[in-house]
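A structural walkthrough
Chain residues, written in single-letter form:
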Amino acid sequence: MSLNPAGTTQHYAYGDATSQTTLIPHNQQPLVIRAYPSETQLGHSIQYAAAAQEKWARVPLKQRIEIGRRFMEEFGKMRDEIPLELTLQMGRCGAGEVRGTLDRADYMLSIAEKALADVTLEDTDKPGFRRFIKRTPLGVILVIAPWNYPYLVMVNSVLPALIAGNAVILKPSPQTPLAAERFALAFHNAGVPKDALQVIHLSPELTTKAVQNPLIDFVAFTGSVAGGRAVDIAAAEAPKFKGVGLELGGKDPAYVRADADLDYTVAELVDGAMFNSGQSCCAVERIYVHESVYDEFVQKFVELTKKYKLGDPTEKENNLGPVCSIASAERIRKQVAAAVAAGAKALIPEDLFPAAQAGTAFVAPQVLVDVNHTMDIMMEETFGPVIGIQKVISDDQAIALMNDSPYGLTASVWTNAAANPESEKAFFNIMDELHTGTVFLNRCDYLDPALAWTGVKNSGRGVSLSKFGYDQLTRAKSVHMKIKTSQ
């Protein structure tokens, strides 16, 4: 089989059997062309990575951490070049990611020595025995990175993989090839051997070959559910067993309780739904509001949404750019139209956003009410600047609706826990009942590197960030020593 890790390549770029072309989302003009290797060249690159990994793993951990710190310095030097370059690749207004990337790198480096240390069993060792558990690198890690937050996702997996002593083959999305190349350049300038971190642009067919190569020991994939399933199947059909980490989609819910600070909550949730034109796996995609504050919440949400400026993301007056492709824009419009045809009401007049024309990648932000769970808009990932808002009468109803989803990445609860101790208690009760990887109180759409980033159901499998991110990229090696062999 052949897999497409992004779901559908034509959504992001176009190509033939030998190369790919990245299109600028807001004007559909070609930006860069990258050639694919031959199957033989790919095999050689993976062989070089395997050989480099053996040497890299022998570099002392403290030295690898020092190289990680130098990577931060090298990457920081690029902060003025990255925003426009990233905007041209994937269309986000004010694209940067530098600060977030450096924050995550700093934390993961700060815990590396402890997270990768031997687990000693001195307290229970018998006389004459010594036992401990080592964290050992897996070998060669294939990282298949997405386009929507390329630097933030790459630092989640590439940095801890390298610090743990692995080599990395980095396959970027065809929409953001320059981001991967720049990211790798910073590591190479910091002292990571070039064969230990290679950026390789691959067709869907070659990606399958890479996943199934016996020298690839683990695959870290971030992208669509369809792409993740294809990677998982390809890995299962490989001649050698290997691990697969899947960070997939979301249909992340928010629940606004009766005592929520509405001005604060509305501002946070509008941003959580609309930032990056809604193209985030943990964007807020559905909101449940207690009936006592529903009308006021919807009014405030619509008023704030109408203030967005949609247009060319390279122009400073705009704060909402295109989605990544015309095909994505068409899919989002169809989902909205289907909801309206089924009885939903659209509250944002499209003429407020003249850039949102058919045949372009610009999508007008939209707020839908009178929605329900028979509509895809409340069940399937939109990945666009669209939100459905549904009225609820109780915490129990909100919990049931939040859990009624094939996804489980994040969920957020909005309530005045500072003023009302009962509200904090209610939050913990709700938190215990939610089937999701992360639960927020009074915030959303945020990754804390000290917390495990993980999902349930169709949102994926595995963990990145936190100490558990290192566990995924290493294996346990048990050491059992009988030191004293005579009386």
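Residues numbered from 1 in each chain as written. Predicted model: local features only at pLDDT ≥ 70, side-chain atom pairs only at ≥ 80, totals over all residues. Heavy atoms only, no water.

Quick look at the overall build of the protein
Helix and strand content of the protein: 14 helices and 21 strands. Relative to the compact-globule value of 23 Å for 487 residues, the protein shows a C-alpha radius of gyration of 24 Å, a close match. In terms of principal-axis extent, the alpha carbons of the protein reach across some 80 × 55 × 40 Å. Counting only residues that meet the buried cut, the protein has 56% of its 487 residues in that class. Put simply, of all contacts in the protein between residues at least 6 apart along the chain, 77% involve residues at least 24 apart. Summed over all atoms, the accessible surface of the protein reaches about 20,600 Å², with 52% contributed by carbon and sulfur. Averaged over its 47 positive side-chain charges, the protein has a centre that lies 9 Å from the centre of its 55 negative ones. (Helix = DSSP H or I, 4+ residues; strand = E, 2+ residues; numbered from the N terminus. Rg over C-alpha atoms; globule rule 2.2 N^0.38 Å. Buried < 20%, exposed > 50% of the residue type's maximum accessible area, 1.4 Å probe, protein only. Contact = heavy atoms within 4.5 Å. Areas by Shrake-Rupley, 256 points an atom, 1.4 Å probe, with all protein chains shown as cover. Lys, Arg positive; Asp, Glu negative; His and termini not counted. Charge placed at Lys NZ, Arg CZ, Asp CG, Glu CD.)

Section: the domain arrangement of the protein
Each domain of the protein was delimited in the assignment, giving domain 1 (27-248 + 459-478) and domain 2 (252-441). The centre of domain 1, based on its C-alpha atoms, is set 32 Å off from the matching centre of domain 2. Contacts between domain 1 and domain 2 engage 15 residues on the former and 19 residues on the latter. Counting each side, the surface lost to burial between domain 1 and domain 2 is near 1,400 Å², with a carbon and sulfur contribution of 62%. Broken down residue by residue, the surface that domain 1 buries against domain 2 is led by Cys-93, Trp-147 and Ser-459, which jointly contribute 38%. In this assembly, domain 1 and domain 2 are joined by zero salt bridges. Across the domain 1-domain 2 interface, the total number found is five residue pairs in polar contact (both at pLDDT 80 or more). Each residue belonging to the side of domain 1 that touches domain 2 can be placed in one class, and the counts come to eight nonpolar, six polar and one charged. (Domains from an automatic or database assignment. Buried area = accessible area lost by both parts, 1.4 Å probe. Salt bridge = Lys/Arg side-chain N within 4 Å of Asp/Glu carboxyl O. Polar contact = N/O pair within 3.5 Å; in protein donor to acceptor, adjacent residues only side chain to side chain. Nonpolar A, V, L, I, M, F, W, Y, C, P; charged D, E, K, R; others polar.)

Things to note about the sheet that holds strand β13 (residues 345-346)
A sheet is described by the order of its strands in space; here seven strands give the open sequence β13-β14-β15-β12-β11-β17-β18, paired in mixed fashion. Among the strands making up the open sheet, the edge pair consists of β13 and β18 (438-441). (Pairing = 2+ DSSP bridges.)

Looking at helix α9 (residues 262-274)
The end-to-end C-alpha separation of α9 is 18 Å, in line with the 18 Å expected for 13 residues at 1.5 Å each. Here α9 has its buried residues at Leu-262, Thr-265, Val-266, Leu-269, Val-270, Gly-272, Ala-273 and Met-274. Against the buried residues of α9 lie β11 (252-256), β12 (284-290), α10 (294-305), β14 (366-369), β15 (386-392) and β17 (410-414). One or two residues past the end of α9 sits Asn-276, with phi positive at roughly 60°. (Expected span 1.5 Å × (residues − 1).)

Re the sheet that holds strand β20 (residues 460-461)
In a beta sheet, neighbouring strands are held together by backbone hydrogen bonds and run either parallel or antiparallel to one another. An order of β8-β7-β6-β9-β10-β20 is seen for the six strands of this open sheet, with the pairing classed as mixed. Each edge of the open sheet is held by one strand with a lone partner, namely β8 (197-199) and β20. Sheet analysis places strand β10 (residues 243-247) next to β20, joined by two bridges and oriented antiparallel. Paired with Glu-247 across the bridge in β20 is Gly-460. Lying on the sheet, helix α1 (residues 39-57) is in contact with β6 (140-144), β7 (167-171) and β8; it crosses β7 at an angle near 150°. Of the strands in this sheet, β6, β9 (218-222), β10 and β20 touch helix α8 (residues 225-236), which is tilted by about 180° from β10. (Axes fitted to C-alpha atoms, helices over the stretch in contact; angles between N-to-C directions.)

A look at empty space enclosed by the protein
Counted under the stated rule, the structure contains four cavities of 30 Å³ or more. Computed from the structure, the largest cavity encloses a volume of approximately 150 Å³. Elements with a minimum of two residues in the lining of the largest cavity: β6, α5 (150-163), β9, β10 and α14 (466-472). In the lining of the largest cavity, the residues fall into nine nonpolar, eight polar and two charged. Taken together, 15 residues form the lining of the second largest cavity, with Pro-253, Met-402, Tyr-407, His-435 and Thr-436 sitting closest to its centre. Going through the elements one at a time, β11, α12 (395-403), β16 (407-408) and β17 are the ones with two or more residues in the lining of the second largest cavity. Here the residues of the lining of the second largest cavity are counted per class, giving six nonpolar, six polar and three charged. (1 Å grid on protein atoms, 1.4 Å probe; cavity = no way out; pocket = protein on both sides within 12 Å on 5 of 7 lines; lining within 4 Å. Points joined across faces, edges and corners; volume = space filled by probe spheres on them.)

Some remarks on the environment of Phe-183
Its location among the elements puts Phe-183 in helix α6 (residues 177-190). Residue class for Phe-183 comes out buried when judged on its relative accessible area of 0%. Between the C-alpha atoms of Phe-183 and Pro-137, which are 46 residues apart in sequence, the distance is 22 Å. Leaving out residues up to four positions away in the same chain, Phe-183 has contacts with Phe-71, Phe-75, Thr-101, Tyr-151, Met-154, Val-155 and Val-158.

Some details on the UniProt feature "active site" (unreviewed entry) in the protein
Per the UniProt record, "active site" (unreviewed entry) is annotated on Glu-247. Looking at the secondary structure, you find Glu-247 in strand β10. If we ignore the near neighbours within four places in the chain, the residues touching Glu-247 are Phe-221, Thr-222, Gly-223, Trp-453, Ser-459 and Ser-464. (UniProt positions renumbered as here; feature names shortened; annotations may be inferred.)

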